[in-house]
Amino acid sequence: LSVDVLAVGAHPDDVEVGIGGLVRKLTDDGRRVAILDLTRGEMGSRGSVRERKEEARNAAGVLGAVCRESVRLPDGALCNSAEQQRAIIPFLRKFQPDVILAPMRGDLHPDHEAAHYLVRDANHFAGLAKLDPESEWEPWRAPRVYYYSVYREPALPALIVDVTRQFDLKVEALRAYRSQFHNPDYEGPETYIASEQFWEAMRARAAYWGTRLVSIHGVNQHTADQVNKGVLYGECLFSDVPIAVDVLPGLEKTG
Ligand SMILES: [Zn+2]
């Protein structure tokens, strides 16, 4: 059941909004990715928990995730407590990810802020042998944790990933949340994420980071083609620590 990457969201759809393109890019590359939702999104204005569960499963399928589970912590009441950390730890130990992708601090929703510290600290304590020694899962601490913003980047990110080829599937994964997102057929209260502005903002945000990607890539055949077609999208990651590399970024394919 172990995976390469565990993508964690506070609510179902956080992973899709923040890094849907990156998750699909990883699975395109043959990586095993699991998605872990901390809550079931039961405070959402639209739809029911049952609908969201079904939608989340469909979205995970679009992104190629091997598995999607929920910690079932309370939506709207995430906090970095020992109790909530202990609820997350068995999932981290079970999946044994090499990389965790978790919400960044400084985002709009208080649950995203709480999830940032909660996942960071749960990962630390999951590695302690004396914590819950009777557990069926061995201690495990993911060596790397990167953070993504669900709605907005609070600062300059550490990494930008080219998700141009995956962007349409990110949109398709989001459209799987039929009760939450723009769907004129759905009779429910109007919310920001159900508006056309949400979709435009999501595209503009990815396109903005795409422009920053061009300056990082420099001009080479691959990106020049994409710029000429007017399609270049990026998603961002943050890191609490300097990112250690063996090969300088830019030199991976040479030498
Ligand atoms: Zn959220």
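Residues numbered from 1 in each chain as written. Predicted model: local features only at pLDDT ≥ 70, side-chain atom pairs only at ≥ 80, totals over all residues. Heavy atoms only, no water.

A.B. asks: What exactly am I supposed to notice about the coordination of the zinc ion here?
C.D. replies: Note on metal geometry: ideal angles are 109.5 degrees for four donors arranged tetrahedrally and 90 or 180 degrees for six donors arranged octahedrally. Listed as protein donors to the zinc ion are H11 (ND1), D14 (OD), D14 (OD) and H112 (NE2); their distances from the metal cover 2.1 to 2.6 Å. For the zinc ion, the four donor atoms in the first shell make angles of 54 to 124° at the metal, a pattern classed as irregular. Of note, the zinc ion draws all its donor residues from one chain, in the sequence arrangement H-x2-D-x97-H. Pair noted here: H11 is in the loop between β1 (5–9) and α1 (14–28) and H112 is in helix α4 (residues 110–126), with a separation of 101 residues, a long-range link. Grouping residues by exposure puts H11 and H112 together as buried. (Donors = N, O, S within 2.8 Å, 3.2 Å for Na, K, Ca; no water. Tetrahedral: all angles 85-135°; square planar, octahedral: opposite > 155°, others 65-115°. Helix = DSSP H or I, 4+ residues; strand = E, 2+ residues; numbered from the N terminus. Buried < 20%, exposed > 50% of the residue type's maximum accessible area, 1.4 Å probe, protein only.)

A.B. asks: What am I meant to see in unusual backbone geometry here?
C.D. replies: The phi angle of most residues is negative, glycine excepted, and most peptide bonds adopt the trans form. Unusually for a residue other than glycine, R72 sits at a positive phi of about 65°. With respect to the helices and strands, R72 occurs in strand β3 (residues 67–73). Located in the positive-phi region is D132, a residue other than glycine, with phi close to 55°.

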